[in-house]
Amino acid sequence: MDERLIKRLMMAVRCGVCGERYEGENVRILGRYSDLWFLSVYCPGCHSQGLVAAVLKEGKLPELVTDLAEEEYAKFREIAVVDADDMLDLHNFLKEFDGDFSRIFSK
Ligand SMILES: [Zn+2]
């Protein structure tokens, strides 16, 4: 699973506020934790910003994302500090999550 695939996946998702489709350049990967990806999306239509967590399994260990710009990677390393509380929140979130991204966006 690479960054391009993630962006393609996100292009199939519409903005929950205005219904505009996200474009690849509007999707920013903040970080990942195993099969879990954190994405920041920016709507070109209504300029709303959203945070997306996506679980993507491929049946093998995910590869390191290497094609981030250097400054993005630096930012990612700062953001990607995840503590036990975060993981617990995430665990609870994923237990309830049914894969319906549009519902998340419309919250
Ligand atoms: Zn929008």
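Residues numbered from 1 in each chain as written. Predicted model: local features only at pLDDT ≥ 70, side-chain atom pairs only at ≥ 80, totals over all residues. Heavy atoms only, no water.

A.B. asks: Help me understand the coordination of the zinc ion in this model?
C.D. replies: Tetrahedral coordination by four donors puts the ideal angle at the metal at 109.5 degrees, and octahedral coordination by six puts it at 90 or 180 degrees. Looking at the zinc ion, one finds its protein donor set to be Cys15 (SG), Cys18 (SG), Cys43 (SG) and Cys46 (SG), positioned 2.3 Å from the metal centre. Coordination geometry of the zinc ion: the four donor atoms subtend angles of 102 to 115° at the metal centre, consistent with an arrangement described as tetrahedral. Donor residues for the zinc ion sit on one chain with the sequence pattern C-x2-C-x24-C-x2-C. Of this pair, cysteine 18 sits in the loop between α1 (3-11) and β1 (27-33) while cysteine 46 sits in the loop between β2 (36-42) and β3 (49-55); the two residues are 28 residues apart in sequence, bridging distant segments of the chain. (Donors = N, O, S within 2.8 Å, 3.2 Å for Na, K, Ca; no water. Tetrahedral: all angles 85-135°; square planar, octahedral: opposite > 155°, others 65-115°. Helix = DSSP H or I, 4+ residues; strand = E, 2+ residues; numbered from the N terminus.)

A.B. asks: So what exactly am I meant to see when it comes to the nonpolar core here?
C.D. replies: Across soluble globular proteins, you tend to see nonpolar side chains buried next to one another. Ranked by size, the top nonpolar core spans 17 residues in total, and within it Met10, Tyr22, Leu39, Val41, Val52, Phe101 and Phe105 carry the most contacts. Of all the elements in the fold, those that place two or more residues in this core are α1, β1, β2, β3 and α4 (101-105). Looking at which element gives the most residues to this core, the answer is β2, with three residues. If we ignore the near neighbours within four places in the chain, the residues touching valine 52 are Met10, Trp37, Phe38, Leu39, Val41, Phe101 and Phe105. (Core = buried A, V, L, I, M, F, W, Y, C linked by side-chain atoms within 4.5 Å. Buried < 20%, exposed > 50% of the residue type's maximum accessible area, 1.4 Å probe, protein only. Contact = heavy atoms within 4.5 Å.)

A.B. asks: Is there a simple way to think about the pairing of β2 in this case?
C.D. replies: The two faces of the sheet receive side chains in turn, since in a regular strand these alternate between them. Along β2, six of the seven residues are buried, which leaves the element largely enclosed by surrounding structure. With six bridges connecting them, β1 and β2 associate as antiparallel partners. From the neighbouring strand, glycine 31 faces β2, where its bridge partner is phenylalanine 38. Adjacent in sequence and paired antiparallel, β1 and β2 are bridged by two residues, among which serine 34 carries a positive phi angle near 60°. Pairing of β2 with β3 involves seven bridges; the strand directions are antiparallel. Note on β3: the bridge partner recorded for leucine 39 is valine 52. Count of turn residues in the β2/β3 antiparallel hairpin: six residues, of which histidine 47 carries a positive phi of about 65°. (Pairing = 2+ DSSP bridges.)

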